[in-house]
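Residue-level structure breakdown
The chain contents come next:
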Amino acid sequence: VSDRESIELIRFQLDKLSDEQLASITNLSKFEAIEDVLKDLILQDNLAKAQAVTNKIALLPSVESAQLSDEQQMLEVAAAYMALTKEQQPLVTNYAVFEQVRDRINVLIKEENVRLAQPIIELINQLPNKADVTLEHDDQIAQVAAAYNAIPARARNEVKNYSTYNSVNNALIT
């Protein structure tokens, strides 16, 4: 396979020749046999790389048993698949299984993010209106900030009322 570029360059040059010029090449059949061997080697290499990803997918949990703890394994499979060429990717025979497991894990991640955000949303809902903020609310505002900073960054997007916290916090500062 390391001579692939040379063989492809020769083929490119041969394709430019007329039929008469090609007929004058005495060892063309030897070159074509080498091309066939190269094609077989490339196919075998593509199949082997696709099979490695197929095997990784087979090791994923079932859709029904997928858990948040399977996220890293799912991400590793995704990276392995993305590293394949466009010729190799269609050779992965169980990619649909990966998509189902990935989608299930993404649902679990979303649910976990919402679960983690919910207490912060409730804390923000308990804050006073920004017009009513006094120094006495400092601890309450700090509690929201601490809780917000304690959750993973991806869960923070689920705190849909965070702008309310910002308004109240800014009112305290000014």
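Keep in mind the model is a prediction, meaning the values are calculated, not measured.

What follows concerns the pattern of salt bridges. With the rule as written, the count across this model stands at 11 salt bridges. For the salt bridge of Glu 32 with Arg 11, the shortest nitrogen-to-oxygen distance reads 3.9 Å. Of the two residues, Glu 32 is situated in helix α3 (residues 28-58) and Arg 11 in helix α1 (residues 4-15); the sequence distance between them amounts to 21 residues. Glu 32 sits in the partly exposed class, given a relative accessible area of 34%. The residue Arg 102 makes a salt bridge to Asp 103 at a minimum N-O spacing of 3.2 Å. For Asp 103, a relative accessible area of 41% corresponds to the partly exposed category. Residues joined in a network through salt bridges with shared partners are Arg 11, Asp 15, Glu 32 and Glu 35.

Take the nonpolar core next. Proteins that are soluble and globular tend to have nonpolar side chains buried together. Membership of the largest hydrophobic core comes to 17 residues, with the highest contact counts inside it found for Ile 120, Ile 124, Leu 127, Ile 141, Val 144, Val 159 and Tyr 165. When residues of this core are traced back to their parent elements, those giving at least two are α5 (95-125), α6 (138-150) and α8 (162-173). Top element by residues in this core is α5. It accounts for 5 residues. Ile 141 has contacts with Leu 127, Val 133, Tyr 165, Val 168, Asn 169 and Leu 172, leaving out every residue within four places of it along the chain. Counting residues in each nonpolar core, the second largest holds 16 residues, with Ala 80, Tyr 95, Val 101 and Ile 105 among its members.

So, on to the packing of aromatic side chains. The full count for this structure, using the stated rule, is 4 aromatic pairs. Each ring, one from Tyr 95 and one from Phe 98, has its centre 5.4 Å from the other, and the planes form 35°; the classification is tilted. Of this pair, Tyr 95 and Phe 98 both sit in helix α5, 3 residues apart, which is roughly one turn of that helix. For the residue pair Tyr 95 and Phe 98, the accessibility class agrees, reading buried in each case. Each ring, one from Tyr 148 and one from Tyr 162, has its centre 3.9 Å from the other, and the planes form 20°; the classification is stacked. Within this pair, whereas Tyr 148 is found in helix α6, its partner Tyr 162 is found in helix α8, the two being separated by 14 residues in sequence. An aromatic cluster is present here, built from Tyr 81, Tyr 95 and Phe 98 joined pairwise through their rings.

Calculation criteria
- Residues numbered from 1 in each chain as written.
- Predicted model: local features only at pLDDT ≥ 70, side-chain atom pairs only at ≥ 80, totals over all residues.
- Heavy atoms only, no water.
- Salt bridge = Lys/Arg side-chain N within 4 Å of Asp/Glu carboxyl O.
- Helix = DSSP H or I, 4+ residues; strand = E, 2+ residues; numbered from the N terminus.
- Buried < 20%, exposed > 50% of the residue type's maximum accessible area, 1.4 Å probe, protein only.
- Core = buried A, V, L, I, M, F, W, Y, C linked by side-chain atoms within 4.5 Å.
- Contact = heavy atoms within 4.5 Å.
- Phe/Tyr/Trp six-rings, centres within 6.5 Å; stacked < 30°, edge-to-face > 60°.

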